[in-house]
Amino acid sequence: MRFDASRNQHVLLSPEAILVLNPTGAEILELCDGSRSIAEIQDQLAQQYGEAKTEEINSFLAELINRRGIEVTDD
Amino acid sequence: MTDTAVAPAAAPTELEQPFGVLAELTYACPLHCGYCSNPVEMERYRNELTTEEWQRVFAEAADLGVLQLHLSGGEPMLRKDITELVGTAHDLGMYTNLITSGLGFNRRRAEALREAGLDHVQLSIQADEQTLSDKIAGTTSFERKQEVAELVQELDWPMTLNVVLHRQNIDRIGGILEMAHRMGADRVELANTQYYGWAGLNRSQLMPTREQLAEAETVVREAKERLGTSMEIIYVIPDYYSSYPKPCMDGWARRQFTIIPTGEALPCPTAHEVIRGHGLDPVTVREHSLQWIWESSPVFNLFRGTDWMPEPCSSCPRKEIDFGGCRCQAFALTGDAARTDPVCHLSPDHELVTGAVEAANDPTRPQPGELIPRPNPGRRS
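This write-up is about the structure you can find in this document. (Residues numbered from 1 in each chain as written. Chains lettered and ligands numbered in written order. Predicted model: local features only at pLDDT ≥ 70, side-chain atom pairs only at ≥ 80, totals over all residues. Heavy atoms only, no water.)

**A short note on the pattern of salt bridges**
A side chain with one charge can pair with a side chain of the opposite charge if their charged atoms come near.
All names here are of chain B.
At step 1: All told, the structure shown has 22 salt bridges over all chains when counted by the stated rule.
At step 2: Ionic pairing is found between Glu-273 and Arg-44, a salt bridge with its closest N-O pair at 3.1 Å. Taken as a pair, Glu-273 in helix α10 (residues 272-277) and Arg-44 in the loop between β2 (20-24) and α1 (51-64) lie far apart in primary sequence, 229 residues in all.
At step 3: Residue classification places Arg-44 among the partly exposed positions, given a relative accessible area of 42%.
At step 4: Linking Arg-107 and Glu-111 is a salt bridge whose minimum nitrogen-to-oxygen distance equals 3.7 Å. Taken together, the positions of Arg-107 and Glu-111, both in helix α3 (residues 107-116) and four residues apart, correspond to about one turn of that helix.
At step 5: Several salt bridges converge on common partners, so that one network encompasses Glu-48, Arg-79, Asp-81 and Arg-379. (Salt bridge = Lys/Arg side-chain N within 4 Å of Asp/Glu carboxyl O. Helix = DSSP H or I, 4+ residues; strand = E, 2+ residues; numbered from the N terminus. Buried < 20%, exposed > 50% of the residue type's maximum accessible area, 1.4 Å probe, protein only.)

Structure (structure tokens):
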């Protein structure tokens, strides 16, 4: 993920796709740093955005995993 | 090229910044694949851009908003300055993708490319066994590709294997997927041949039958279920067998463009003849800025948006879904790039496509024939 100055937005770059992220999406992706578990990320976002957003956040994370924008490891 | 998934989508009529550039660094290539989409008139494109010219173009592209740079050819590893070019693009913040046959990709150069910041390697595969693979490639290359895949794994790059499917290898699709998994691919792109350039000349020898396609689709579906997320499989359907055309390039000069070895800029990698056929002068980065080319050049505005469309496209509810299909295909089949893509079942020229499909499925035709090999034009810079 990097900030694209010419579009004034964060973007996630992968082999054949580009995701243009809104500020919330970029913030969520910042948390996916390889050290936090999915549960920790979910907890932190629940605190930040409230439980009401849980479903929306989970579907965003699922979509990212599905598109291989983030990788989940076993350990 | 495959579609680029981009969100959010803006209205296609509004001029966006380009997301990606395909830089075809050279048309020289040690392989002779008969499905190659490079132009038949290769001799025209030997006066390649210099290192400094490409570097300037990459900087202009980054300023224009380009985020992704695909380095291809021909065989891009034939450029001695490939590492330098990757380094420049990387320093400009672009995601760099090398599309290679694997020939010329040795340990020393791989390590240098890693160091220079290359993000991703796309390796072409012709078949899952040596004899057929080397026959399709027209040169000994199967073993080399296995070694390159190992090297890519060792250097911890994400790796995509590209397989162009056609009549002579589509029955091997199950074995190809198994081999790709063994080679450690993160993604496999199984793309049915598109009939441009050399592939256009070889169409009758390349087009698969209905039966072959039905079998291939079953194998792909089962492999997707079996492999889950461990290897992503992308299957690009053959448009000749579709009812609607592909949304080619997501619209002419809308999200990405191509720069060919001589510096000519094209809205799509196979538009060389479309431009000339339309009586337009080619636009090159040697004479114009990329910004002018993208925003103002007659070539890039030729089929931009939907105003150019004839019927049945202009009143079609799908006009902003498939953008009238492929301009190069309309030109190749009808001689007029401004017509509806004949692949569309609503096109008045659709019989040009159904005729070819029927010929491919004719049980009395002699089989199999030889492919016209794509020659290697060599390099002159």
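**A word on the packing of helix α1 (residues 23-31) of chain A against helix α2 (residues 38-49) of chain A**
Residue and element names in this part refer to chain A.
At step 1: Where α1 contacts α2, the two axes come as close as 10 Å, and the packing angle between them is 145°. Handedness of the α1/α2 crossing: right-handed. Here Thr-24, Glu-27, Ile-28 and Leu-31 of α1 come into contact with α2, specifically with Ile-41, Gln-44, Leu-45, Gln-48 and Tyr-49.
At step 2: Taken together, the residues that form the contact of α1 with α2 break down as five nonpolar, three polar and one charged. (Axes fitted to C-alpha atoms, helices over the stretch in contact; angles between N-to-C directions. Left-handed = near helix turned anticlockwise from the far one by under 90°. Contact = heavy atoms within 4.5 Å. Nonpolar A, V, L, I, M, F, W, Y, C, P; charged D, E, K, R; others polar.)

**Focus on the interface of chain A and chain B**
At step 1: Between chain A and chain B, the residue contacts involve 14 residues of the former and 28 residues of the latter.
At step 2: Where chain A abuts chain B, roughly 1800 Å² becomes buried across the two surfaces, and 49% of that area is made up of carbon and sulfur atoms.
At step 3: Among the residues chain A hides against chain B, the three largest losses belong to A:Glu16, A:Ile18 and A:Arg68. Together they make up 40% of the total.
At step 4: The interface formed by chain A and chain B contains zero salt bridges.
At step 5: Our count for the contact surface shared by chain A and chain B stands at six residue pairs in polar contact (both at pLDDT 80 or more).
At step 6: Among the secondary structure elements, those contributing two or more residues to the side of chain A that touches chain B are β1 (2-4), β2 (9-14) and β3 (17-21) of chain A. (Buried area = accessible area lost by both parts, 1.4 Å probe. Polar contact = N/O pair within 3.5 Å; in protein donor to acceptor, adjacent residues only side chain to side chain.)

**A look at the environment of B:Asp336**
All names here are of chain B.
At step 1: Here Asp-336 is to be found in the loop between α14 (327-334) and α15 (351-360).
At step 2: Residues Asp-336 and His-278 lie 58 residues apart in sequence; the distance between their C-alpha atoms is 8.0 Å.
At step 3: The contact partners of Asp-336, leaving out residues within four places of it in the chain, are His-278, Ala-330 and Phe-331.
At step 4: Among the polar contacts made by the side chain of Asp-336, one reaches the main-chain amide nitrogen of Ala-338 at a distance of 2.9 Å.

**As for the nonpolar core**
At step 1: In terms of nonpolar packing, the biggest core is built from 92 residues, with B:Phe58, B:Phe105, B:Leu113, B:Trp157, B:Leu190, B:Leu290 and B:Phe300 touching the most fellow members.
At step 2: The residues touching B:Leu290, leaving out its near neighbours within four places in the chain, are B:Val57, B:Glu60, B:Ala61, B:Leu64, B:Phe257, B:Ile259 and B:Val285. (Core = buried A, V, L, I, M, F, W, Y, C linked by side-chain atoms within 4.5 Å.)

**Focus: the packing of aromatic side chains**
Ring pairs (aromatic) are described by centroid distance and by the angle formed between their planes.
Residue and element names in this part refer to chain B.
At step 1: Counted according to the given criterion, the structure contains nine aromatic pairs over all chains.
At step 2: Seen from their ring centres, Phe-257 and Trp-294 are 5.6 Å apart, and the 35° between their planes marks the pair as tilted. Highlighted residues: Phe-257 in strand β9 (residues 256-259) and Trp-294 in helix α11 (residues 290-296), separated in sequence by 37 residues.
At step 3: Relative accessible area serves as the criterion here: at 1%, Phe-257 is assigned to the buried category.
At step 4: Judged by relative accessible area, which is 1%, Trp-294 ranks as buried. (Phe/Tyr/Trp six-rings, centres within 6.5 Å; stacked < 30°, edge-to-face > 60°.)

**Focus: a nonpolar patch on the surface**
At step 1: A contiguous nonpolar patch, built from B:Val40, B:Leu201 and B:Ile372 and spanning about 230 Å² of accessible area, is present on the exposed surface.
At step 2: Structurally, the position occupied by B:Val40 is in the loop between β2 and α1. (Patch = residues over 30% accessible without salt bridge, like charges linked within 9 Å, V, L, I, M, F, W, Y side chains within 5 Å. Areas by Shrake-Rupley, 256 points an atom, 1.4 Å probe, with all protein chains shown as cover.)

**Some thoughts on the packing of α1(B) against helix α2 (residues 82-91) of chain B**
Residue and element names in this part refer to chain B.
At step 1: Across the interface, α1 lies against α2 with an axial gap of 10 Å and an inter-helix angle of 20°. By the angle between their axes, α1 is roughly parallel relative to α2. With respect to the hand of their crossing, α1 and α2 are arranged in right-handed fashion. In this structure, α1 uses Thr-51, Trp-54, Gln-55 and Phe-58 to contact α2, whose residues at the interface are Glu-84, Leu-85, Thr-88 and Ala-89. (Parallel < 35°, antiparallel > 145°, perpendicular 65-115°, else oblique.)

**Let's talk about the side chain of B:His120**
At step 1: Along the chain, B:His120 turns up in strand β5 (residues 120-125).
At step 2: Within the structure, B:His120 has its side chain in polar contact with the side chain of B:Asn97 (distance 2.9 Å).
At step 3: In contact with B:His120, not counting residues within four places along its chain, are A:Pro15, B:Tyr95, B:Thr96, B:Asn97, B:Leu98, B:Trp157, B:Pro158, B:Met159, B:Thr160 and B:Arg187.

**Some remarks on α1(B)**
Residues and elements named next belong to chain B.
At step 1: Taking 1.5 Å as the rise per residue, α1 with 14 residues should run 20 Å; its terminal C-alpha atoms sit 20 Å apart, in good agreement.
At step 2: Here α1 has its buried residues at Thr-51, Glu-53, Trp-54, Val-57, Phe-58, Ala-61, Ala-62 and Leu-64.
At step 3: Those residues of α1 that are buried lie in contact with β2, β3 (68-72), α2, β9 and α11.
At step 4: Backbone geometry just downstream of α1 places Gly-65 in the positive-phi region, at approximately 110°. (Expected span 1.5 Å × (residues − 1).)

**A short note on the state of the cysteines**
Residues and elements named next belong to chain B.
At step 1: Overall, the coordinates contain zero disulfides over all chains when judged by the stated rule.
At step 2: In this structure Cys-36 is not part of a disulfide, and its nearest cysteine sulfur, from Cys-29, lies 6.8 Å away.
At step 3: Assessed through its relative accessible area of 13%, Cys-36 is described here as buried. (Disulfide = S-S within 2.5 Å.)

**Some remarks on helix α6 (residues 173-183) of chain B**
Residues and elements named next belong to chain B.
At step 1: By the burial criterion, the buried members of α6 are Ile-173, Ile-176, Leu-177, Met-179, Ala-180 and Met-183. Looking straight down α6, one finds that the buried residues subtend no more than 165° of arc, so they occupy a single side.
At step 2: Among the structural elements, β5, α5 (142-154), β6 (159-165), β7 (187-192), α9 (210-227) and β8 (232-236) are those in contact with the buried residues of α6.
At step 3: Phi turns positive, to about 90°, at Gly-184, one or two residues after α6. (Arc of directions from axis to C-beta.)

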